[in-house]
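Here's the letter readout for the chains.
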There are 2 protein chains.
Amino acid sequence: MEIPVVRNVLEANDKLAMVVHERVRGILTLNLISSPGAGKTSLLERTLTDLASEFRMAVIEGDLQTDNDARRVAATGCQAVQIDTDGGCHLDSNMVLKAMEHLDMSNLDILFIENVGNLVCPTEFDLGEDAKIGILSVTEGDDKPEKYPLLFNLSKAMILNKVDLLPYVRFDVERASQFARRLNKDLPIFQVSATSGEGMDAWYDWLRNAVRAKKEKGSL
Amino acid sequence: MEIPVVRNVLEANDKLAMVVHERVRGILTLNLISSPGAGKTSLLERTLTDLASEFRMAVIEGDLQTDNDARRVAATGCQAVQIDTDGGCHLDSNMVLKAMEHLDMSNLDILFIENVGNLVCPTEFDLGEDAKIGILSVTEGDDKPEKYPLLFNLSKAMILNKVDLLPYVRFDVERASQFARRLNKDLPIFQVSATSGEGMDAWYDWLRNAVRAKKEKGSL
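Please read these numbers as outputs of a predicted model, since none were measured by experiment. (Residues numbered from 1 in each chain as written. Chains lettered and ligands numbered in written order. Predicted model: local features only at pLDDT ≥ 70, side-chain atom pairs only at ≥ 80, totals over all residues. Heavy atoms only, no water.)

## Remarks on the packing of helix H2 (residues 40-50) of chain B against helix H8 (residues 200-217) of chain B
Residues and elements named next belong to chain B. Definition in use: In this analysis an axis means a line fitted to C-alpha atoms, helices contributing only their contacting stretch, and an angle means the value between N-to-C directions, from 0 to 180 degrees. In this description a helix means any DSSP run of H or I spanning at least four residues, a strand means any run of E spanning at least two, and both kinds are numbered starting from the N terminus. Angular relationships are summarised with four words: roughly parallel below 35 degrees, roughly antiparallel beyond 145, roughly perpendicular across 65 to 115, and oblique for the angles in between. In this scheme, a crossing is called left-handed if the near helix is turned counterclockwise away from the far one by less than a right angle; it is called right-handed if the turn is clockwise. Contacts: residue pairs with any heavy atoms within 4.5 Å of one another. Classification used: nonpolar for Ala, Val, Leu, Ile, Met, Phe, Trp, Tyr, Cys and Pro, charged for Asp, Glu, Lys and Arg, polar for all others including Gly.
Orientation of H2 relative to H8, taken along the N-to-C sense of each, is 70°, at an axis distance of 11 Å. Viewed along their axes, H2 and H8 adopt a mutual orientation that is roughly perpendicular. Helix-helix and strand crossings are classified by hand; for H2 and H8 the assignment is right-handed. Across from Leu43, Arg46, Thr47 and Asp50 in H2, the residues of H8 making contact are Met200, Trp203, Tyr204 and Leu207. In terms of residue class, the contact of H2 with H8 is made up of five nonpolar, one polar and two charged.

Here you go:
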């Protein structure tokens, strides 16, 4: 009895994901997924600041509790809306549709959706995005792509964050990258530090190309 | 329709949790919960090694994929059994009961259950344990007890791991502790590094007292 119900929930979500996808026509929409504390919000803060003069961006923030992250993001001057899942472990398309009602969607170039910090459940829910971005921090261990394969299989880019901490932790970048690319052959992997700014330019170039592709072809 | 089904799943789990609880009479049973990569397995490796001559211990390892962690734990000489959740985001009591069939439970002092790396879903499932132990690493940010309150509310001890990295990250131990104790007034908080061994003695003293309480009173 459990499986059919789960399937219904996913089917209902997928129908609404198509509605989201229609509404973000021409707007690059990225679903950021990681463990708690991998640095999604810090990555957004720096990206929104550095690209402020280049793109019109908005953020939908998902959290179990608190609107801390939406306030951090809004402090960059960017539109931000918080979804409080009230303990729920992932965002779904219905929540995203409701959050979009609070955003001025006209003329946006990029919509970032920061999912709940969780490497498992958010991956299973399509939010109508153009791409999932899997974020892993080097403090979490290089085995994580192997242990949480679905995310790294479905992502269109992987960000390896906190590389400024590499000297202090046991983390083999080559090993993590190999696991990820075994799941996802041509996965672009960006080694960055959202704190120091190291490596962000390659990520920004990926974003520029993705914005262009979305506007010109309607998809990545 | 969704809510009643979820409730049924939890009720079925809770009944089996009582069965688990009966079977671990006299055995301190701890459910370790954290984000992916917070260091649960490293903490276990060191604990199992340091207390090998003092206690008879066994480990049930939960993961979405791979038996890497069970192999790491077994390398300490301890009994270990792996539960592969096949993508599932938490352990439930039925999985634990099945795993226990593969363990020699006679004369055990401590049974550790290492849950799936996830700060959300595992917290909602009682596994018949005596205590949940919430593990947070300092690289994840000091806001996590506030953002994931249920775990820190329900835990009987909190381990703050990777304190050897404190000089390199922005993490206010006082702030994290205050958030946690606002949820859980007398929560013991152990600042440790499973890598360097720093601070582990206080955690071992807590374990010694808990083993004694379980044997003498049947609970903590």
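## A closer look at the environment of A:Arg212
By the secondary structure assignment, A:Arg212 is in helix H8 (residues 200-217). In the structure, A:Arg212 is positioned 195 residues away from A:Ala17 in sequence and 22 Å away in space, judged by C-alpha atoms.

## Quick word on the packing of aromatic side chains
Our working rule: Pairing of aromatic rings covers Phe, Tyr and Trp, the last counted by its six-membered ring, and requires centre-to-centre distances within 6.5 Å; plane angles under 30 degrees mean stacked, over 60 mean edge-to-face, and any other angle means tilted.
Here the structure, examined in full by the defined rule, presents five aromatic pairs over all chains. Arranged with centres 3.5 Å apart and planes meeting at 5°, the rings of A:Tyr168 and B:Tyr168 form a pair that is stacked. With A:Tyr168 in the loop between strand E6 (157-161) and helix H7 (173-183) and B:Tyr168 in the loop between strand E6 (157-161) and helix H7 (173-183), this residue pair bridges two chains. In this structure an aromatic cluster arises from ring pairing among A:Phe190, A:Trp203 and A:Trp206.

## What about the nonpolar core?
Generally speaking, soluble globular proteins have nonpolar side chains that are buried together. The condition that has to hold: Throughout, nonpolar core names a set of buried Ala, Val, Leu, Ile, Met, Phe, Trp, Tyr and Cys residues whose side chains join them through atoms within 4.5 Å. Burial status follows relative accessibility: with a 1.4 Å probe on protein chains alone, a residue under 20% of its type maximum counts as buried, one over 50% as exposed, and anything between as partly exposed.
Formed by 83 residues in total, the largest nonpolar core has its most connected members in A:Ile60, A:Leu111 and B:Ile60. Those residues in contact with B:Ile60 that lie beyond four places of it in its chain are B:Val81, B:Ile83, B:Val96, B:Ala99, B:Met100, B:Leu103, B:Leu111, B:Phe112, B:Ile113 and B:Glu114.

## Some details on the relation of the copies chain B and chain A
Just so we agree on the cut-off: For this overlay, a least-squares fit was computed on C-alpha atoms, restricted to residues scoring pLDDT of at least 70 in both copies.
After a rotation of 180° and a shift along the axis of 0.0 Å, chain B superposes on chain A with an RMSD of 0.0 Å. Here the copies are linked by what is in effect a two-fold axis. Residue by residue, 97% of the interface of chain B is reproduced at the interface of chain A, so both copies engage with the same surface.

## Some words on the interface of chain B and chain A
Where we set the bar: When two parts are put together, the accessible area they lose, computed with a 1.4 Å probe and summed over both, is reported as buried area. Each salt bridge in this description consists of a side-chain nitrogen of Lys or Arg and a carboxyl oxygen of Asp or Glu lying within 4 Å of one another. Whenever a nitrogen or oxygen atom comes within 3.5 Å of another N or O atom, the pair is scored as a polar contact, on the condition that within protein one atom can donate a hydrogen and the other can accept it, and that pairs from neighbouring residues in sequence are kept only if both atoms are in side chains.
At the junction of the two partners, chain B supplies 35 residues and chain A supplies 34 residues. Between chain B and chain A the total buried area reaches about 2900 Å² when both faces are included, carbon and sulfur atoms providing 59% of it. Of all residues in chain B, the largest losses of buried area upon contact with chain A belong to B:Pro36, B:Lys147 and B:Tyr168, amounting jointly to 20% of the total for that side. Summed over the shared surface of chain B and chain A, the result is four salt bridges. A:Lys147 is the salt-bridge partner of B:Asp63, the closest N and O atoms lying 3.1 Å from each other. Where chain B packs against chain A, one counts 12 residue pairs in polar contact (both at pLDDT 80 or more). Within the residue set of the side of chain B that touches chain A, elements represented by two or more residues are helix H1 (2-23), helix H3 (68-74) and helix H5 (144-147) of chain B. Of the residues that constitute the side of chain B that touches chain A, the class distribution is 14 nonpolar, 11 polar and 10 charged.

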